[in-house]
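# Structural features, examined
Spelled out from the first residue to the last, the chains are:
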Amino acid sequence: MKKMNSMNLQKVKDFIFSRKCSICGRIVNETGRYLCVDCCSILKKKGQIKNVENYFFLFYYEKDIKNVIADYKLKNRRNLSIELGFFVKKPLINLIKEKEIDIIIPVPISKERYRERGFNQVELLLETMNIPYEKIEKIRNTKHMYDLLDEKSREENIKNAFYNYLDLNDKNILLVDDIVTTGKTIQEIINELYKNTNPKNIFIFSIALSKVFKKI
Ligand SMILES: [Zn+2]
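Residues numbered from 1 in each chain as written. Predicted model: local features only at pLDDT ≥ 70, side-chain atom pairs only at ≥ 80, totals over all residues. Heavy atoms only, no water.

### Regarding the coordination of the zinc ion
Counted only if it meets this: Each metal's donors are the N, O and S atoms within 2.8 Å of it, or within 3.2 Å when it is Na, K or Ca, and because water is not part of the set, sites may look incomplete. In these descriptions, tetrahedral denotes four donors with every angle between 85 and 135 degrees, square planar four donors and octahedral six donors with opposite donors over 155 degrees apart and the rest between 65 and 115, and irregular any other case. Any residue under 20% of the maximum accessible area for its type is buried, any over 50% is exposed, and the rest in between are partly exposed; the area is computed with a 1.4 Å probe on protein chains only.
The zinc ion binds to the protein through Cys21 (SG), Cys24 (SG), Cys36 (SG) and Cys39 (SG); the donor distances cover 2.3 Å. Classification of the site at the zinc ion rests on its four donor atoms, whose angles at the metal span 102 to 118°, yielding the label tetrahedral. Accessibility expressed as a relative area gives 37% for Cys24, which makes it partly exposed. Residue classification places Cys36 among the buried residues on the basis of a relative accessible area of 9%.

Next comes the structure, spelled out in structure tokens:
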């Protein structure tokens, strides 16, 4: 009997959590939605495209967007891709047109991370927005970059972790990630893309950019 009660309590807790807005915590009435209408429109307003050289992004990685991305990736709220698409699609499509992008490449995750999470968060987002992409591979598992504090170990961690088999000669490339922290991962991908091919330009788009980001 006692066991039943705690199971029921967990169900009630799960149910309440499953209906809370990822930002303000208010109950969202629409099923399968994780952001309330107010938070959604605030994000849309705040998410204007910004850039630092070739890096384009919508938000600094803090507060609201941090919660949304964490819930999307780590708390099994895959449907957040629909709400993310709501404010990512327009600025991303505009950037693709403006820079005459030929090929979009999402930052890959390793097989191990894929097993752990069940999906690549950037690929799913692009699919939700009906934006076609090409893949490169992550050929070995790496530690989470945020666990590594100094630049040297971040560099070592990611070195030779990617493999590209696409022909990118003379193409404008857009790399897409959810969060760019220091840019070390992106730089390693860029190195790999230039190994066997010769892209015309490489641009980067991320939903959020960390304030610790500095140009390498
Ligand atoms: Zn809300």
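We are not done yet, so read on.
### Looking at helix H2 (residues 37-46)
To keep it simple, the criterion reads: Here a strand is any run of E in DSSP of at least two residues, a helix any run of H or I of at least four, and the numbering for each starts at the N terminus. As used here, the arc belongs to the directions running from the helix axis to the C-beta atoms.
If you check which residues of H2 are buried, you get Cys39, Cys40 and Leu43. Angular distribution of buried residues about the axis of H2 spans 100°; they occupy a single face of the element. Away from the buried face of H2 by more than 90 degrees, exposed residues Val37 and Lys45 are located.

### A word on the confidence of the model for the chain
We apply this condition: Confidence of the predictor in every single residue is expressed as pLDDT, which spans 0 to 100.
Confidence in the prediction of the chain, expressed as mean pLDDT, is 89, and 90% of residues score 70 or more. The spread of mean pLDDT over the elements of the chain runs between helix H1 (residues 2-18), the lowest at 65, and strand E3 (residues 103-106), the highest at 98.

### Describing the packing of helix H3 (residues 63-74) against helix H4 (residues 80-98)
Helix packing for two helices is described by the angle between their axes and how far apart those axes are. The condition that has to hold: Comment: axis = line fitted to C-alpha atoms, over the contacting stretch for helices; angle = value between 0 and 180 degrees taken between N-to-C directions. Rotating anticlockwise by less than a right angle from the far helix to the near helix defines a left-handed crossing, while the corresponding clockwise rotation defines a right-handed one. Contacts: residue pairs with any heavy atoms within 4.5 Å of one another. As a working rule, the residues Ala, Val, Leu, Ile, Met, Phe, Trp, Tyr, Cys and Pro are called nonpolar, Asp, Glu, Lys and Arg charged, and the rest polar, with Gly in that last group.
Orientation of H3 relative to H4, taken along the N-to-C sense of each, is 140°, at an axis distance of 10 Å. Considering the relative orientation of H3 and H4, their crossing is left-handed. Where H3 abuts H4, its residues Ile65, Val68, Asp71 and Tyr72 lie against Leu80, Ser81, Leu84 and Phe87. Considered class by class, the residues forming the contact of H3 with H4 number six nonpolar, one polar and one charged.

### A look at the side chain of Gln121
The line we're drawing: Here a polar contact means two N or O atoms within 3.5 Å. Within protein one must be a hydrogen donor candidate and the other an acceptor candidate, and residues neighboring in sequence count only if both atoms are side-chain atoms.
Locating Gln121 in the fold gives a position in helix H6 (residues 121-128). Side-chain polar atoms of Gln121 contact the side chain of Asp178, separated by 3.1 Å. Each residue touching Gln121, except ones within four places of it in the same chain, is listed here: Tyr72, Lys73, Ile109 and Asp178.

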